[in-house]
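Fold and geometry: a report
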Amino acid sequence: CPNGGDIRQFLDGLRTKREELASVGVSIDEKDYRSTIIKSLPNSLANFASNQLTSAKLWSPTKTIDPDILISIISEEW
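Residues numbered from 1 in each chain as written. Predicted model: local features only at pLDDT ≥ 70, side-chain atom pairs only at ≥ 80, totals over all residues. Heavy atoms only, no water.

Examining helix 2 (residues 30-39)
Helical geometry note: an α-helix holds 3.6 residues per turn, so side chains three or four residues apart project in the same direction. Among the residues of helix 2, those classed as buried are Tyr 33, Arg 34, Ile 37 and Ile 38. One side of helix 2 holds all its buried residues, which, seen down the axis, span an arc of 135°. The exposed residues of helix 2 that point more than 90 degrees off its buried face are Lys 31 and Lys 39. Those residues of helix 2 hidden inside the fold are in contact with helix 1 (7-23), helix 3 (43-59) and helix 4 (67-77). By the N-cap criterion, in which a side-chain oxygen at the helix start approaches the backbone nitrogen of a residue two or three places on, helix 2 is capped by Asp 29, the distance to Lys 31 being 2.9 Å. (Buried < 20%, exposed > 50% of the residue type's maximum accessible area, 1.4 Å probe, protein only. Helix = DSSP H or I, 4+ residues; strand = E, 2+ residues; numbered from the N terminus. Arc of directions from axis to C-beta. Contact = heavy atoms within 4.5 Å. Polar contact = N/O pair within 3.5 Å; in protein donor to acceptor, adjacent residues only side chain to side chain.)

Digging into a nonpolar patch on the surface
On the surface, Leu 21, Val 24 and Val 26 cluster together to form a nonpolar patch covering roughly 240 Å² of accessible area. Note on placement: Val 26 falls in the loop between helix 1 and helix 2. In this structure Val 26 comes out as partly exposed when scored by relative accessible area, which is 39%. (Patch = residues over 30% accessible without salt bridge, like charges linked within 9 Å, V, L, I, M, F, W, Y side chains within 5 Å. Areas by Shrake-Rupley, 256 points an atom, 1.4 Å probe, with all protein chains shown as cover. Salt bridge = Lys/Arg side-chain N within 4 Å of Asp/Glu carboxyl O.)

Observations concerning the pattern of salt bridges
The full count for this structure, using the stated rule, is four salt bridges. Here Arg 15 makes a salt bridge to Asp 12, at a shortest N to O gap of 3.7 Å. Note that Arg 15 and Asp 12 are positioned in helix 1 at a spacing of three residues, about one turn of the helix. Of the residues examined, Arg 15 reaches a relative accessible area of 21% and is grouped as partly exposed. Accessibility expressed as a relative area gives 39% for Asp 12, which makes it partly exposed.

Structural notes on the nonpolar core
Grouped together as the largest cluster of nonpolar side chains are 16 residues, with contacts concentrated most on Ile 7, Leu 11, Ile 37, Leu 41, Ala 49, Leu 70 and Ile 74. Elements with a minimum of two residues in this core: helix 1, helix 2, helix 3 and helix 4. For this core, the leading source of residues is helix 3, giving five residues. Once residues lying within four places of it in the same chain are set aside, the contact partners of Ala 49 are Ile 38, Leu 41, Leu 70 and Ile 74. (Core = buried A, V, L, I, M, F, W, Y, C linked by side-chain atoms within 4.5 Å.)

Some words on helix 4
Burial in helix 4 covers these residues: Pro 67, Leu 70, Ile 71, Ile 74 and Ser 75. End-on view of helix 4: buried residues confined to an arc of 135°, all on one side of the axis. Against helix 1, helix 2 and helix 3 lie the buried residues of helix 4. A side-chain oxygen of the first residue of helix 4 lies 2.9 Å from the backbone nitrogen of Asp 68; this N-cap is Asp 66.

Have a look at this one:
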């Protein structure tokens, strides 16, 4: 996300780009997508998102968080 940018708008754009790529046959692994999401955030939100993923590894039956749900959690926190 650009410095001082709107994080919700940025994450929505990232989601849209992933959908556009999928529509032309380009698949992005969920692990890579989550990593891209976290790396694109300011440090405070990146730490928050990483903590959410760590909690999911401990408590969630799937051991992870769907990337779109992660985006929603980040957006709520911001």
